[in-house]
Amino acid sequence: YQRRVREAVVSTQSTGTLTLYLDGRMSTVRKQTPNEFLKQLIGRPVVVKLSSGVDYRGIFSNLDGYMNVILEQTEEYMNGELKNKYGDTFIRGNNVLYISAQKRR
């Protein structure tokens, strides 16, 4: 499905919000740094994908300046298959491909 966009206008304000006018409809988005986004995820379920292809799913507990991640109630998945369950898990930041918010369990 493709929709042709006739007009898109973006304006920023000193409050740190981004207002997008798309075909005359207004949508407001608050700009966030990656650090702000990740801090909002503390205590929530996340998926941490490693560069090796392994997924770790658990409750996001903490993050440090090196992007090292601490998860609680962690499950390890390889190729979509559950391989192992852990309690608390420390994941070294240089191995992380991405961190994604997950629906609450």
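So, here is what we can say about the structure in this document. A quick note: this is a predicted structure, and the numbers were derived from the prediction, not measured.

**Here's the deal with the overall build of the protein**
Within the protein, the secondary structure is distributed over 1 helix and 9 strands. In the protein, the proportion of contacts linking residues at least 24 apart, taken out of those at least 6 apart, comes to 30%. As displayed, the protein has an accessible area near 7,800 Å², and 49% of this comes from carbon and sulfur atoms.

**Details of the nonpolar core**
Among the nonpolar cores identified, the biggest contains 13 residues, and Val48, Val69 and Leu71 are the most heavily contacted of them. At the level of secondary structure, the elements contributing two or more residues to this core comprise β4 (45-50), β5 (55-63) and β6 (69-78). Excluding residues within four positions of it along the chain, valine 48 makes contact with Val54, Asp55, Tyr56, Val69, Leu71, Ile91, Val96, Tyr98 and Ile99.

**Some remarks on the pattern of salt bridges**
Under the counting rule described, the total for this entry stands at 4 salt bridges. Note that arginine 57 is salt-bridged to aspartate 55, the shortest N-O span being 3.8 Å. Of the charged contacts, one joins glutamate 81 and lysine 83 as a salt bridge, the two residues approaching to 3.5 Å between their closest N and O atoms. A relative accessible area of 45% means that lysine 83 is categorised as partly exposed. Overlapping salt bridges bring together Lys49, Asp55 and Arg57 as one network.

Thresholds, definitions, all that
Residues numbered from 1 in each chain as written. Predicted model: local features only at pLDDT ≥ 70, side-chain atom pairs only at ≥ 80, totals over all residues. Heavy atoms only, no water. Helix = DSSP H or I, 4+ residues; strand = E, 2+ residues; numbered from the N terminus. Contact = heavy atoms within 4.5 Å. Areas by Shrake-Rupley, 256 points an atom, 1.4 Å probe, with all protein chains shown as cover. Core = buried A, V, L, I, M, F, W, Y, C linked by side-chain atoms within 4.5 Å. Buried < 20%, exposed > 50% of the residue type's maximum accessible area, 1.4 Å probe, protein only. Salt bridge = Lys/Arg side-chain N within 4 Å of Asp/Glu carboxyl O.

Read these as layout, nothing more, since geometry by itself doesn't imply function.
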